[in-house]
Amino acid sequence: MSDIIKIKKGFDIKISGKAIEKVSSPIVSSYALKPSDYIGITPKLLVKEGDRVKAGSPVFFSKQNEKILFTSSVSGTIESIKRGDKRAIEEIIISADSNQEYEDFGTDSLASMLRGNVVEKLLKSGLWTLIRQRPYSTIPNPDVQPKCIIVKGFDSSPLGADYNFLLKGKSADLQLGVDVLRKLTSGKIHINVSATETTCNELLKLENVQINRFEGAHPAGNISVQIANIDPINKGDIIWYIDAQDLAIIGKLFASGRVEMQKMIALVGPEVKNPQYFNVLFGACVSSIVQNNVNSDKHLRFISGNILTGTTITSNGYLGAYDNLISVIEEGDYYEFLGWITPGIKKFSLSRTFLSGFCNLLPSKLRRTAQIDTNLHGGKRALVLTGEYENVLPLDIYPMQLIKACIIEDIDLMEQLGIYEVDAEDFALCEVIDVSKTDIQQIIRNGLELIRKEMGE
Amino acid sequence: MKFVRDFLDKIKPNFEKGGKFPWLHSTFDAFETFAFVPKTTTTSGAHFRDAMDMKRTMTMVILALMPALLFGTYNIGFQHFHSINPELSFFEGFWDNLLYGAIKILPIIVISYVVGLSIEFGFAQWRKHDVNEGFLVTGMLIPLVMPPDVPLWQVALATAFAVVIGKEVFGGTGMNFLNPALLARAFLFFAFPSSMSGDNVWIAEKADAFSGATPLAEMMIGANLPSTSFWDMLLGIMPGSIGETSSIAILLGAAFLLITGIGSWRIMLSVFMGGALMGLTFNLFGSNPYTQIPFYYHYVMGGFMFGAVFMATDPVTAAQTNKGKWIYGILIGVMAVLIRVVNPAYPEGMMLAILLLNVFAPLIDYYVVDANIRKRMKRWKIKGGQNVQ
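Residues numbered from 1 in each chain as written. Chains lettered and ligands numbered in written order. Predicted model: local features only at pLDDT ≥ 70, side-chain atom pairs only at ≥ 80, totals over all residues.

**Q** Hey, could you run me through the overall build of chain B in this one?
**A** Across its full length, chain B carries 17 helices and one strand. Taking 2.2 N^0.38 as the reference for a compact globule, 389 residues should give roughly 21 Å; the C-alpha atoms of chain B span a radius of gyration of 23 Å, in line with that estimate. When the backbone C-alpha atoms are referred to their principal axes, chain B occupies close to 65 × 65 × 35 Å. Burial statistics for chain B: of 389 residues in total, 51% are counted as buried. (Helix = DSSP H or I, 4+ residues; strand = E, 2+ residues; numbered from the N terminus. Rg over C-alpha atoms; globule rule 2.2 N^0.38 Å. Buried ≥ 20, exposed ≤ 12 C-beta atoms within 10 Å, placed from the backbone.)

**Q** Help me understand the packing of helix α5 (residues 134-144) of chain B against helix α7 (residues 180-191) of chain B, please; the structure alone is not making it clear to me.
**A** Each pair of packed helices can be summarised by the angle the axes make with each other and by the distance between the axes. Residue and element names in this part refer to chain B. At a minimum axis distance of 8 Å, the contact between α5 and α7 shows a crossing angle of 35°. The two elements α5 and α7 meet at a crossing, and its hand is right-handed. Residues T138, L141 and I142 of α5 pack against P180, A181 and A184 of α7. Considering only residue class, the contact of α5 with α7 consists of five nonpolar, one polar and no charged. (Axes fitted to C-alpha atoms, helices over the stretch in contact; angles between N-to-C directions. Left-handed = near helix turned anticlockwise from the far one by under 90°. Contact = placed C-beta atoms within 7 Å. Nonpolar A, V, L, I, M, F, W, Y, C, P; charged D, E, K, R; others polar.)

**Q** So what exactly am I meant to see when it comes to the interface of chain B and chain A here?
**A** It is common to give the size of an interface as the accessible area lost on bringing the parts into contact. Each partner contributes to the interface: chain B provides 53 residues, whereas chain A provides 66 residues. Where the side of chain B that touches chain A is concerned, the elements lending two or more residues are α2 (25-35), β1 (36-37), α3 (54-84), α11 (247-260) and α17 (350-384) of chain B. Looking at the side of chain B that touches chain A element by element, the count peaks at eight residues for α17(B). Residue composition of the side of chain B that touches chain A, by class: 19 nonpolar, 23 polar and 11 charged.

**Q** I'm lost on the sheet that holds strand β11 (residues 148-152) of chain A in this one. Help?
**A** Strand-to-strand pairing in sheets goes through backbone hydrogen bonds, with the strands running parallel or antiparallel. Residue and element names in this part refer to chain A. With mixed pairing, the six strands of this open sheet are ordered in space as β1-β13-β12-β11-β14-β10. The sheet is open, and its two edges are formed by β1 (4-7) and β10 (132-134), each paired on a single side. Each adjacent strand pair in this sheet contributes to an overall mean axis angle of 30°, direction not counted. Direction of pairing for β10 relative to strand β14 (residues 239-243): antiparallel, over a ladder of three bridges. Looking at the pairing, R134 lines up with I239 of β14. (Pairing = 2+ DSSP bridges.)

**Q** Teacher, can you tell me more about the nonpolar core here?
**A** Soluble globular proteins tend to bury their nonpolar side chains together. Grouped together as the largest cluster of nonpolar side chains are 239 residues, with contacts concentrated most on A:V286, A:I326, B:Y328, B:I332 and B:I354. Sequence-distant contacts of B:I354, that is, excluding residues within four places in its chain, are made with B:N179, B:L182, B:G307, B:M311, B:A312 and B:I332. (Core = buried A, V, L, I, M, F, W, Y, C linked by C-beta atoms within 7 Å.)

**Q** Teacher, can you tell me more about the domain arrangement of chain A here?
**A** Residue and element names in this part refer to chain A. Structurally, chain A comprises domain 1 (4-256), domain 2 (267-330) and domain 3 (339-455). Each partner contributes residues to the interface: domain 1 has 32 residues there, and domain 2 has 28 residues. Counting residues per element, the ones that place at least two in the side of domain 1 that touches domain 2 are β2 (23-24), β3 (30-33) and α2 (163-166). Ranked by residues supplied to the side of domain 1 that touches domain 2, first place goes to β3 with four residues. Looking at the side of domain 1 that touches domain 2 residue by residue, the class counts come to 17 nonpolar, nine polar and six charged. (Domains from an automatic or database assignment.)

**Q** Looking at this structure, how should I read helix α9 (residues 399-407) of chain A?
**A** Along an α-helix, residues three or four positions apart point the same way, because every turn accommodates 3.6 residues. Residue and element names in this part refer to chain A. Extensive coverage of α9 is indicated by the burial of seven of its nine residues. Buried within α9 are the following residues: P399, M400, Q401, L402, I403, A405 and C406. Note on α9: the residue one or two positions beyond its end, E409, has a positive phi of about 55°.

**Q** Hey, could you run me through the sheet that holds strand β16 (residues 276-281) of chain A in this one?
**A** Residues and elements named next belong to chain A. On the basis of which strands lie adjacent, the open sheet formed by six strands has the order β2-β16-β15-β19-β17-β18 and mixed pairing. Of all strands in the sheet, those bounded by a partner on one side alone are β2 and β18 (311-313). In this structure, strand β15 (residues 262-268) lies alongside strand β19 (residues 325-330), joined through three bridges in parallel fashion. Each bridged residue has a counterpart across the sheet, and for V268 the counterpart in β19 is S327.

**Q** Help me understand the pairing of β11(A) in this model?
**A** Both faces of the sheet carry side chains from a regular strand, because those side chains alternate between them. All names here are of chain A. By the criterion of burial, β11 is predominantly enclosed, with five of the five residues buried. Residue alternation in β11 divides its side chains into two sets, C148, I150 and K152 and I149 and V151, and both sets are buried. Sheet topology note: the β11/strand β12 (residues 188-194) ladder contains five bridges and is parallel. Looking at β12, one finds that I150 is bridged to H190. Relative to β14, β11 runs parallel, the two being bridged by five bridges. Note that in β14 the partner of I149 across the bridge is W240.

**Q** Help me understand the domain arrangement of chain B in this model?
**A** All names here are of chain B. For chain B, the assigned domains read domain 1 (2-35) and domain 2 (54-373). Taking only C-alpha atoms into account, the centre of domain 1 sits 37 Å from that of domain 2. Of the residues lining the interface, six residues belong to domain 1; the matching set on domain 2 comes to six residues. Along the lines of polarity and charge, the residues of the side of domain 1 that touches domain 2 split into two nonpolar, three polar and one charged.

**Q** How should the packing of α3(B) against α11(B) be read in this particular structure?
**A** Residues and elements named next belong to chain B. With their axes 7 Å apart at the nearest point, α3 and α11 run at an angle of 165° to one another. Between α3 and α11, the angle falls in the class roughly antiparallel. The crossing of α3 and α11 is right-handed. For the pair α3 and α11, contact is made by M60, L63, A64, L65, P67, A68 and F71 and by A249, I250, L252, G253, F256, L257 and T260, respectively. Among the residues making up the contact of α3 with α11, the classes are represented as 12 nonpolar, two polar and no charged. (Parallel < 35°, antiparallel > 145°, perpendicular 65-115°, else oblique.)

Here it is, written out as structure tokens:
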């Protein structure tokens, strides 16, 4: 086992509502595929309203690469296709049958398959879309070989799910998944785990992999931070990554020939009455999960994903493709009289101008839980302060300079400052502490998209 | 506070587009957000945000300036009565001193804020921005670096110059490269030298018989040591710019800025290191009396302390990278002492040292960031040369 990689910068926000180790299987009748979950994908529909689909049937493909199919996780009927501005497809809603039927993808022995066969099976089953690449966080081009593949084995984000619990009993699927990945690259397969949290043998006993152990506060679980420490990305390099739970789904496909897109998600957050885990299929409607389990007397925000990077959904919205959390926090749409001058014993802040800011000097176990809501706590201002972002960004990157390069759309400068090494999520904490209330993640995302289009990828 | 909120909600439509006074929108917004933190919620990225905002940041700096302001106010009065009656001890006539000082300083503060904020509000409205809070600090810094006898019209002129030429022409808050408050002072120093130098300006309505020379002026003309004792200089019982005399008061402010994490400890520490470095170097090689004074005398004379704590640390005009801050700070300390000791034309080197390094800060940052870029390019070349154009 390798040495522990210590991540020295970052911050763990302590809030209430972490899921307890209890799992239920709710009855969900509505599912949706959301093309906006996938970066850089223009969907081309393969179904129309009223069509029947099985689990594993293609629903749409990517205009950018026709081989990349997006499949249904459930058998049922296409209920509606919701379109937004410029008729862009927002949601393809499927109402589920009571009995799950599966497309058959065969159970050929993996050992006898060539890379081409493995890729084809993944593309056809739609499970190719579970893999993403750096830079850009897009679904990778199957014709390219990555220099290595990272398996995300822990989540350091606020109220992140416990992977020991998510992966329980999935040893065989995970190992088979690793063997599949082995066919896709001649580089290493990295299993990235937490040095302090990860205890499960499902990950630690995997074979033909390199296990990397990370210690430190969030964003220690972010792929960029991990890559920077194990195999830094250079211009032209491609690294793939996949979540451990998704890897098990790929393993299962090769074991059973079926697309069983089932995963465990956690319902978390201060406004959840009983935070716990749920077994659901991809794209499940969250209404039956959150119903009667949130403080409905308050104005709430439902988030698919964590509170730093997740997507806002409604209380009957759908789970995002890559998310394993539903976070619920209070909306902060209130005025606060002279709020900018209060001593702030209860407010969340990393700034020591608030009394609560001093508590953040303590290790996270001793801290009191922070009370958060979605209020911006101020107006948008010019970028004035310096040296703040650096405290929460454990990368060898000059954040202010990179942000400004993205704003002025200077591609050469973005490259030089290391845009390929980052993703928008790495700047989430910078965005949280920013006194000028700039939407930094959006700026970085725009910068990445600009480069991606410029490169023709 | 509901009635305030109700009142604001009632008059708000007048300042929106299509209302009666849309041209006052920025002004209304500035006052509304002063009273209430807005109810705006996050729409992109992280769903929750730190409670810290720009208003609080700037308010904290103003709080940090309070000890220097209060001491300065008292000292104006004391220096005035002391020049008339040199026997006067420091706490004699406490209320008279304070009252006299307040009468002298309040008009300067009012002029600085009224002129500066009017221009800021005007530009914010013109650019359709919210009003940035930066001037709240600048507006307080300007009076504190003025001599107590400065004519008010000159304060108005200098403030207008600093805000328009120093800040707005470059795009406003966050875009300026010179510290506006120091620019105001430099403007007066070069445009109206008689109001900013000599022995007569540092004590308000000084009695003619009293010398009134500042320690810096005494050193300039070749004294072995200033006639004011080190402890008096540390406490600030001497003639000088309004807020600059008391090192103790300034250090209280510095402690506040460092505890709250608003001021950059790297810059403060490195300015003092730079001052010490140059002072000690002069001690080794110097020949005239000015080169021989202990380096810590430089800290307590003139504007060194005030500059190090409140001026050099302005995040917009300082170096922005952490490494750059060290270089920037050390060079300010070195230049300040160098200009004081070597250049006979300017008794106060701190103002010029900071303005000079403000100009060079982007260059320092450029090389710090360039080192990072070179490191990255080197790694790219080693790993996959063909990928690099």
